[in-house]
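Chain by chain, the residues run as shown.
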Amino acid sequence: MIPPTNTIPSARALVFAGGDLNDGPAVQAALSAAPGALIVAADSGARHALACGLTLDLVVGDLDSLAADEVADLRARGVTIDQHPAHKDETDLELALIAACARGATWLRILGAVGDRMDQTLANIALLTLPDLDGRDARIVSGRQTLWLLHPGLHPVHGEPGDTISLIAFVPGVTGITTDGLEYPLRDEVLAFGPARGVSNVMLGREASVRFDTGLVIAVHTPGRA
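Student: Outline the layout of surface pockets, listing residues and values.
Tutor: Size it by volume and the second largest pocket reaches roughly 410 Å³. Gly18, Gly19, Ser44, Gln120 and Asn124 are the residues nearest the centre of the second largest pocket, which is lined by 23 residues in total. Elements that contribute at least two residues to the lining of the second largest pocket include exactly helix 4 (92-102) and helix 5 (118-126). A per-element tally of the lining of the second largest pocket places helix 5 first, with three residues. The class makeup of the residues in the lining of the second largest pocket is five nonpolar, ten polar and eight charged.

Printed below as a string of structure tokens:
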């Protein structure tokens, strides 16, 4: 679910990947939560964090995208460097998310996760299924869009009338899906994996809801018309 905009939990983290930052309202909303938050970067995501004027706590990865002088500068700033071998099973962002969770973050905003490599972008979205993120509010923000994973149950969605909400089946067998407060309702239906039926719905008021019984759903919120 999307928490009310005036609610920012204390155990929060901003996690920077090395894709495009794509500045916009969703990114700025995430950055507004930076004071007191854990600031983590996956490898070259450190450049984004520094460009945003943030003080990094931790850089994780194989460091193949940072120059030696950049790494030295980070060490001189007192940043913890958690370097991993280049030959590894996890991506740098995966390791960064696991590290943020291990340090107690329950509210995570992931920046720089969208870029010109489709494989990396898809893999970054799939990271929302990490067991470490279970029960945590983890969302990818890019430009004015916010993307997050829904598990079975009831989920309120907050926004403004006219905002675009897309609901995309992330696995086969999303069943019993019911929506309220959206222009194109679903009523105890199956949201199939593949067809784009759930894309580009519209909020009728400031709150809507999504409920389903089985499966996983990716939700994307775009203020206004997408």
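Now, onward.
Student: Which residues make up the sheet that holds strand 3 (residues 58-61), and what values go with them?
Tutor: Strand order across the open sheet formed by ten strands is 4-3-2-1-5-6-7-14-9-12, with mixed pairing between neighbours. This sheet does not close on itself; its edge strands, each paired only once, are strand 4 (80-83) and strand 12 (201-202). Bridge analysis of strand 9 (residues 164-169) against strand 12 gives two bridges, and the strand direction is antiparallel. Pairing of Thr164 across the sheet is with Val202, part of strand 12.

Student: Help me get a handle on the side chain of Thr121, residues and values and all.
Tutor: Its place among the elements puts Thr121 in helix 5. For Thr121, a relative accessible area of 15% gives the class buried. In contact with Thr121, not counting residues within four places along its chain, are Ala113, Val114 and Gly115.

Student: Lay out the packing of aromatic side chains with the relevant residues and their values.
Tutor: Scanning the entire structure with this criterion turns up zero aromatic pairs. One Lys or Arg, Arg139, reaches over the ring of Trp148 and ends 4.6 Å from the middle of that ring.

Student: Summarise the environment of Ala17; cite the residues concerned and give the values.
Tutor: In this fold, Ala17 is placed in the loop between strand 1 (12-16) and helix 1 (25-31). Taking the relative accessible area as the measure of exposure, Ala17 reaches 4% and is therefore buried. With 98 residues separating them in the primary sequence, Ala17 and Gly115 have C-alpha atoms 9.8 Å apart. Beyond its immediate stretch of four places on either side in the chain, Ala17 contacts Ala42, Gly45, His48, Leu93, Leu111, Gly112 and Ala113.

Student: Can you lay out the sheet that holds strand 8 (residues 153-158) for me, pointing to particular residues and giving the numbers?
Tutor: Sheets are built from strands paired through backbone hydrogen bonds, the pairs being either parallel or antiparallel. Read from one edge to the other, the open sheet built from four strands follows the order 8-13-10-11, with strand pairing classed as antiparallel. The open sheet terminates on both sides in strands that have one partner only, identified here as strand 8 and strand 11 (189-191). Geometrically, the sheet is characterised by an average inter-axis angle of 35° between neighbouring strands, direction not taken into account. Examined bridge by bridge, strand 8 and strand 13 (residues 207-212) share six bridges and lie antiparallel to one another. Residue pairing across strands places Leu154 opposite Arg211, the latter belonging to strand 13.

Student: Mind laying out the nonpolar core, listing which residues take part and the relevant values?
Tutor: In this structure, Val15, Leu93, Leu97, Leu108 and Leu128 are the most contacted members of the largest nonpolar core, which totals 31 residues. Among the secondary structure elements, those contributing two or more residues to this core are strand 1, strand 2 (38-42), strand 3, helix 4, strand 5 (107-111), strand 6 (137-142), strand 7 (145-150) and strand 14 (217-222). When residues of this core are assigned to their parent elements, the largest contribution, seven residues, is made by helix 4. Once residues lying within four places of it in the same chain are set aside, the contact partners of Leu108 are Ala13, Val15, Leu97, Ala100, Cys101, Leu133, Arg136, Asp137, Ala138 and Arg139. Grouped together as the second largest cluster of nonpolar side chains are 26 residues, Ala33, Leu56, Leu66 and Leu111 included.

Conventions adopted
Residues numbered from 1 in each chain as written. Predicted model: local features only at pLDDT ≥ 70, side-chain atom pairs only at ≥ 80, totals over all residues. Heavy atoms only, no water. 1 Å grid on protein atoms, 1.4 Å probe; cavity = no way out; pocket = protein on both sides within 12 Å on 5 of 7 lines; lining within 4 Å. Points joined across faces, edges and corners; volume = space filled by probe spheres on them. Helix = DSSP H or I, 4+ residues; strand = E, 2+ residues; numbered from the N terminus. Nonpolar A, V, L, I, M, F, W, Y, C, P; charged D, E, K, R; others polar. Pairing = 2+ DSSP bridges. Buried < 20%, exposed > 50% of the residue type's maximum accessible area, 1.4 Å probe, protein only. Contact = heavy atoms within 4.5 Å. Phe/Tyr/Trp six-rings, centres within 6.5 Å; stacked < 30°, edge-to-face > 60°. Lys NZ or Arg CZ within 6 Å of the ring centre and 35° of its normal. Axes fitted to C-alpha atoms, helices over the stretch in contact; angles between N-to-C directions. Core = buried A, V, L, I, M, F, W, Y, C linked by side-chain atoms within 4.5 Å.

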